[in-house]
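Commentary on secondary and tertiary structure
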Amino acid sequence: FASWGLLFWYYQEIIYATAFDEDKLPRASLGGFFGFYEFIWKIVKSVYTIIIVLLAVGLPYLLMYLFFWATGFNWPAVLYILLFVGFFLLPMAILNVAVGRDLTLLRPDYLLIPILRAFMPYMVTVLYMSAAFFLQSQASQFAGQDPAAAAGHLALNLVAQILVFIAMRSIGLFARHYSCHLPW
């Protein structure tokens, strides 16, 4: 929980710093006077934020899945399309929350207007995010393998994290260069 919370927090910091003309990775300052409490708060807040973002972009999928489950319909093409749409909207939802620092920016119009006005640049962020997610899905964790296999899995996880950092930078660069299309 703590490691994912800190990763999500740092991803948001990368996007925020990049959006406001900082061309290096942000400094990871985890504490202050109340160091431990600030540390725990950053973890809880970032995990809560990413859960809300995932729920917001995945809500149509969840509602349709529950509808199909309740009625007995089986139409997987609709579910796949809604899953793809949610994944497609994910970078913009993360951008709105990371740069705007407000969960109320997850409105559909705030997600769709910038995408429609700058579609091809947004596709670059989606492709980076897709590559990062695909590579992360291929990277398994250590499960008692021999040391060479464990080293290979660790290397793949590290490469996946580098690709995620590049994806977060691309989201921040989209915000920097196309902020005129952000309706908020």
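Keep in mind the model is a prediction, meaning the values are calculated, not measured. (Residues numbered from 1 in each chain as written. Predicted model: local features only at pLDDT ≥ 70, side-chain atom pairs only at ≥ 80, totals over all residues. Heavy atoms only, no water.)

**Things to note about the environment of serine 179**
If you trace the backbone, serine 179 turns up in the segment after α6 (147–177). Serine 179 gets classed as partly exposed once you look at its relative accessible area, which sits at 41%. Linking serine 179 and proline 114, residues 65 residues apart in sequence, is a C-alpha distance of 8.3 Å. (Helix = DSSP H or I, 4+ residues; strand = E, 2+ residues; numbered from the N terminus. Buried < 20%, exposed > 50% of the residue type's maximum accessible area, 1.4 Å probe, protein only.)

**Here's the deal with the pattern of salt bridges**
Enumeration over the complete set of coordinates arrives at three salt bridges. In this structure, the salt-bridge partner of arginine 176 is aspartate 21, at a minimum N-O distance of 3.2 Å. Separated by 155 residues along the polypeptide, arginine 176 in helix α6 and aspartate 21 in the loop between α1 (2–19) and α2 (35–71) bring together distant segments of the chain. Of the charged contacts in the structure, one is a salt bridge between aspartate 109 and arginine 107, with a shortest N-O distance of 2.6 Å. (Salt bridge = Lys/Arg side-chain N within 4 Å of Asp/Glu carboxyl O.)

**Things to note about the packing of α2 against helix α3 (residues 76–100)**
Following both chains from N to C, one finds α2 and α3 inclined at 165 degrees, their axes separated by 9 Å at the closest point. With respect to α3, the axis of α2 lies roughly antiparallel. Crossing angle aside, the handedness with which α2 passes α3 is right-handed. Contacts from Thr49, Val53, Leu54, Val57, Pro60, Tyr61, Met64, Tyr65 and Phe68 in α2 reach Val78, Leu79, Leu82, Leu83, Gly86, Leu89, Leu90, Ala93, Ile94 and Val97 in α3. Considering only residue class, the contact of α2 with α3 consists of 17 nonpolar, two polar and no charged. (Axes fitted to C-alpha atoms, helices over the stretch in contact; angles between N-to-C directions. Parallel < 35°, antiparallel > 145°, perpendicular 65-115°, else oblique. Left-handed = near helix turned anticlockwise from the far one by under 90°. Contact = heavy atoms within 4.5 Å. Nonpolar A, V, L, I, M, F, W, Y, C, P; charged D, E, K, R; others polar.)

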